[in-house]
Amino acid sequence: MDRAFLEGLRRIVGDAAVLHDPHDLLTYECDGLAHLRETPAAVVLPSSTADVQAIVKLCARAQVPFVARGHGTGLSGGALPVPGGLVIALSRLNRVLHVDIANQRVTVEPGVTNLEITRQVAPFGYYYAPDPSSQQICSIGGNVAENSGGAHCLKYGFTVHHVLGVEAVLPDGEVVHLGGALVDTPGPDLLGLLVGSEGTLAVVTKITVRILRRPETVQTLLAAFDTIDAGGGAVSDIIGAGIIPAAVEMMDSLAIRAAEAAVHPNFPDADTILIVELDGPAAEVSTLFAIVVDICRRRGATTVEVAQTDEHRARIWRGRKAAFAAMGRVSPNYYVQDGVVPRTRLPEVLTRIRALEHASGLRIGNVFHAGDGNLHPLICYDERIPGQSAKAVEVASEILTYCVDAGGSLTGEHGIGADKSCYMPAMFSPDDLALMQRVRLVFDPRSLCNPGKIFPTPRLCGEVPGPYRRHPAEDAGVAERM
Amino acid sequence: MQTTADTPATDIVQPSTPGEVAAAMKRASDEGRSMVIRGAGTKMGWGRPAARIDVMLDMRRLNRVLTHAHGDLTATVEAGATLRDVNDTLSRLGQGLPIDPAFADEATIGGILATNDSGPLRHRYGAPRDLILGVHLATTDGVLTKAGGQVVKNVAGYDLSKLIAGSFGSLAAIVSATFKLFPIPEASKTMRVAVADEASLTQVVRRMMGSQLEPMAFEVDVRSRSTQNPQSKNVSASAAASAFNVLLRFASLPVVVDAQVAGATEALKGIATSIDVVEGYAERMLWRAQATRLWDGAGAIVRASWLPASIAAVLSELPAGAELIGRAAIGAGLVRLDGDEAEQARVIGQLRHSPHVGNVVVLRGSAALKALVDVWGPQGDRQRLLSAMKLAFDPNGVLNAGRGPL
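Residues numbered from 1 in each chain as written. Chains lettered and ligands numbered in written order. Predicted model: local features only at pLDDT ≥ 70, side-chain atom pairs only at ≥ 80, totals over all residues.

1. Some points on the overall build of chain B
The test is simple: Note on conventions: DSSP H or I runs of at least 4 residues are helices, E runs of at least 2 residues are strands, and numbering of each starts at the N terminus. As a reference, a globule follows 2.2 Å times the number of residues to the power 0.38, and the radius of gyration itself is taken over C-alpha atoms. Partly exposed residues are those falling between the two cut-offs: more than 12 but fewer than 20 other C-beta atoms within 10 Å of their own, whereas 20 or more means buried and 12 or fewer means exposed, with C-beta atoms placed from the backbone. The contact criterion used is a C-beta to C-beta distance within 7 Å, with each C-beta placed from the backbone.
Of regular secondary structure, chain B possesses 13 helices and 18 strands. Relative to the 2.2 N^0.38 estimate, which gives 22 Å for 406 residues, the radius of gyration of chain B is 22 Å and therefore close to what a compact globule would have. Along the first, second and third principal axes, the C-alpha set of chain B runs to 65 × 55 × 35 Å. A total of 406 residues make up chain B; the buried ones form 55% of that total. Long-range contacts, defined here as pairs at least 24 residues apart, represent 70% of the contacts in chain B between residues at least 6 apart.

Set out below in structure tokens:
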């Protein structure tokens, strides 16, 4: 990165908001996917849309690739820097601009945390629905980039269902407004396209979201089962009864033990636990909750624990939401995937994952959104043992092929990022990817905006991009492709 | 129902496989022949008047429900299937695709998605763009592609199913689409809440938005007295020209519906001049009449959006005789305008300048009106992206005969 470019950055944001000392850059080498690291040439910390615009224009002129970054909690390497490129860290764009309770809209800058939006409106009885596990620290800008979900998206949908409008800086530095406080912008839904585009189309600088009225009642239960199939059967029965819970989560014994060690949620020592939460009008919740309790009992639940207080509920959720980080208590390293399968095929895919666990010798914890088939296998490994890191990646890729084979997806909420771009051909044909690329070039003809993400490239994925590699388990004859 | 803009020279192509759709797209593009994609044709009159149409791509032979994965609450359907047929199939297993757009009995899935059209059910379930999970498209280069997926949760790749929602057939042909489904509620009741004037209407909207009641539909309905039943009485001076109603539909288990109706009745005590509760056949007839009322009347119909708590300000922009039906808590709906074209154009201009109203699009209007006003309205700083998107998908500019929005 040449001196003139750095000077240009300093003129825009001041000396203190441009980082290029190697020591200062360390923080920005990776996001929540810590095994992928790149050092950016510099990091810039804008404080306004005008700053972002000037920075992006400078990048466009100098042909410097840039990556927008929120709070770095992403799990797919979406904020992985480009070697020699610039990181635009949006943490200083953290103002709440407008809270409109009467119209149930809030406008914020991208560096505001997800939970801060709820904090702003909670005194009025409102909340912001998407609740990724990292909601205390993740930025709403990152949520927009990744189309984040969370435990409650079975009923309430994802970020894309809650964002009404954005202001964004296009890769040539022009500002564009998509959607807004009013719904139904005429024409193709460019906003819906932008949400979830993983920072590859534009840098979002303002976001208007809708907020929801707190439901009248929330009821949460935790049921323990001896087998994952029994728990899965309960979920099928709940959905089959026409009930759409606010959340349906499952954890297996390894995940339960890890959570217990980390945050002591007082989970039962079981093979599988199921967390079901219903919310809504009191009459509805109490009627349906009784049905859910009954279903769990009929499916052989060994215990059914109903949260009696808000504190009790919070403790259950603390255990669930801590599950990823808690893996650190039972394994030196872990790698989390988030493939999706049609919910009805969960038992079959989980059986395949079990077989893979035995064949690979790596422990795999399972935490998943059972209502929508979104798996979060946590693959435990020890990077100090030669070959284990690579093996963990292989196991993860194998699990993704199971998901795609079952008619599912590579990712339910974490994004493709740099992590899974090489697997995209498993899910999309070259024609599918070519059309997406064409759309990308409409926004970013020079491919400067977060390049190297989503799309497989020969440089990163080898000459023949593709997911299929024979797994050691297949070579050993203990697993086969169905 | 609108008349089509067919001219005698228009070729009609009726593909029955995705491959035939793609081939027709490529042929039209290669030969530079103007092509319009149609389903049932219910919205053919929307948008700008069509220029010459060389080819009409009629999707109605692609009309199957390809899969109904009821345990997964998803279905994949072909674009030419009517919403009604799809829901007939899904309802056999107690599920449905909860969309109620204009002309819901005839409209096809492809047309509904291409226009992203919705109705009262949007309050609970969202618009088609909120329910779609994945899409198969045929582009003008003759290629079949897909985006999204068949599972309810998926963020792999760009979600082109959103891009296609609202594209009005200007970018690509929709071949099939996968949607998220919902169980059909066991019971339903609708409250018709009459109020005296704009101020009371606003009060009802604000109070219900702030309540913890969870209606399935929540509509504002402003009708001209001239189209009212002549037997209506007790017309207050402040509402001489219009009648103001709010419709609240509750659907769930029977006990829940009754509790919600009771809760809403209590909450609206003192504001409403009358509250009727209907169910069963009468309820179905009420919603049927709501769906068609504006379209059955004369005049122009425009789509508009507003800040929901500012509904009174919206109504203050409308002349006597105008009617409005919309989603109370979302702030979106239809306005029917009487008068001659010059008057309609004046009101449209006024709405577009109002700080409380936006995204005003003329759906139905005479050729004279559509010559007087910009049908789609200004696209602002989005225009550059939209033009580039059009060029990327339809480089020869053959799709949609200038009807817009692209």
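Alright, that's what it looks like, and here's the rest.
2. Let's talk about the domain arrangement of chain B
Residue and element names in this part refer to chain B. What counts here: Here the limits of each domain have been adopted from an automatic or database domain assignment. Put simply, Ala, Val, Leu, Ile, Met, Phe, Trp, Tyr, Cys and Pro go in the nonpolar bin, Asp, Glu, Lys and Arg in the charged bin, and everything else, Gly too, in the polar bin.
Here chain B is described as being made up of domain 1 (1–184 + 376–406) and domain 2 (187–372). Taken residue by residue, the interface counts 15 residues in domain 1 and 18 residues in domain 2. Along the lines of polarity and charge, the residues of the side of domain 1 that touches domain 2 split into seven nonpolar, four polar and four charged.

3. Here we look at the confidence of the model for chain B
Residue and element names in this part refer to chain B. Worth spelling out the cut-off: Confidence scores labelled pLDDT are given residue by residue by the predictor and lie between 0 and 100.
Taken over all residues, the pLDDT of chain B has a mean of 94, while the share at 70 or more is 94%. The low-confidence segment residues 227–238 (pLDDT under 50) makes nine contacts with residues lying over four places distant or belonging to another chain. Both scores are available for the predicted complex, with the pTM at 0.94 and the ipTM at 0.95.

4. What to know about the sheet that holds strand E13 (residues 247–252) of chain A
All names here are of chain A. Here is the rule: DSSP bridges decide pairing: two strands pair if at least two such bridges lie between them. Angular values range over 0 to 180 degrees, each being the angle between N-to-C directions of two axes fitted as lines to C-alpha atoms, with helices fitted over their stretch in contact.
Overall, antiparallel pairing links the seven strands, which are arranged E15-E12-E14-E13-E17-E18-E16 in an open sheet. Each end of this open sheet is capped by a strand with a single partner; those strands are strand E15 (303–306) and strand E16 (333–336). The mean angle between the axes of side-by-side strands here comes to 15°, regardless of whether they run parallel or antiparallel. Along the sheet, helix H10 (residues 282–298) makes contact with strand E12 (217–225), strand E14 (272–280) and E15, crossing E14 at roughly 165°.

5. Brief notes about the sheet that holds strand E12 (residues 217–224) of chain B
Residue and element names in this part refer to chain B. Overall, antiparallel pairing links the eight strands, which are arranged E14-E11-E13-E12-E16-E17-E15-E18 in an open sheet. If you trace the sheet from one side to the other, it starts and ends with strand E14 (274–279) and strand E18 (357–364), each paired once. When the angles between neighbouring strand axes are averaged without regard to direction, this sheet yields 20°. Sheet topology places strand E16 (residues 323–327) next to strand E17 (residues 332–337); five bridges connect them, and they run antiparallel. Bridge pairing links Glu323 to Arg336 in E17.

6. Section: unusual backbone geometry
Look at the link from B:Gly404 to B:Pro405: it is a cis peptide, with omega at 5°. In this structure, A:His264 is a non-glycine residue whose phi angle is positive, near 50°. In this fold, A:His264 is placed in the loop between helix H9 (253–263) and E14. For A:His264, a count of 12 C-beta atoms within 10 Å puts it in the exposed group.

7. What about the confidence of the model for chain A?
Here chain A averages 93 in pLDDT, and 96% of its residues register 70 or above. Counted against residues more than four places away or in other chains, residues 463–482 of chain A, with its pLDDT under 50, gives 31 contacts.

8. Things to note about the packing of helix H16 (residues 430–443) of chain A against helix H13 (residues 383–393) of chain B
Selection criterion: Any angle that falls under 35 degrees is termed roughly parallel, while one over 145 is termed roughly antiparallel, one within 65 to 115 roughly perpendicular, and all others oblique. Should the near helix be turned anticlockwise from the far one by less than a right angle, the crossing is left-handed, and should it be turned clockwise, the crossing is right-handed.
Look at H16(A) against H13(B): their axes get within 9 Å of each other, and the N-to-C directions meet at 150°. By the criterion of interaxial angle, the relationship of H16(A) to H13(B) is roughly antiparallel. For H16(A) against H13(B), the interelement crossing comes out right-handed. Counting all contacts with H16(A), which are made through A:Arg438, A:Val439 and A:Val442, the residues of H13(B) involved are B:Leu385, B:Ala388, B:Met389 and B:Ala392. Partitioned by chemical class, the residues of the contact of H16(A) with H13(B) number six nonpolar, no polar and one charged.

9. Remarks on the domain arrangement of chain A
Residue and element names in this part refer to chain A. Parsing chain A into structural domains produces domain 1 (3–89), domain 2 (96–213), domain 3 (217–326) and domain 4 (331–475). Summarising the inter-unit geometry, the C-alpha centres of domain 2 and domain 3 are found 29 Å apart. On the side of domain 3, nine residues touch domain 2, which itself brings five residues to the contact. Split by residue class, the side of domain 2 that touches domain 3 holds two nonpolar, two polar and one charged.

10. Here's the deal with the nonpolar core
Put simply, the rule is: Only buried residues count toward a nonpolar core: Ala, Val, Leu, Ile, Met, Phe, Trp, Tyr and Cys, linked into one set through C-beta atoms within 7 Å.
Membership of the largest hydrophobic core comes to 281 residues, with the highest contact counts inside it found for A:Ile88, A:Ile273, A:Leu274, A:Ile379, A:Cys403, B:Ile164 and B:Val302. Ranked by the residues each element gives to this core, the list is headed by helix H14 (residues 388–405) of chain A, at eight residues. Apart from residues no more than four positions distant in its own chain, A:Ile273 is found in contact with A:Leu222, A:Ala223, A:Ala224, A:Met250, A:Met251, A:Ile256, A:Phe267 and A:Pro268.

11. Let's talk about the interface of chain A and chain B
The interface of chain A with chain B comprises 65 residues on the first partner and 71 residues on the second. Elements with a contribution of two residues or more to the side of chain A that touches chain B: strand E9 (175–179), helix H7 (190–194), helix H8 (228–240), H10, helix H15 (424–427) and H16 of chain A. If one sorts the elements of the side of chain A that touches chain B by residue count, H16(A) sits on top with seven residues. When the residues that make up the side of chain A that touches chain B are grouped by side-chain class, the tally is 28 nonpolar, 25 polar and 12 charged.

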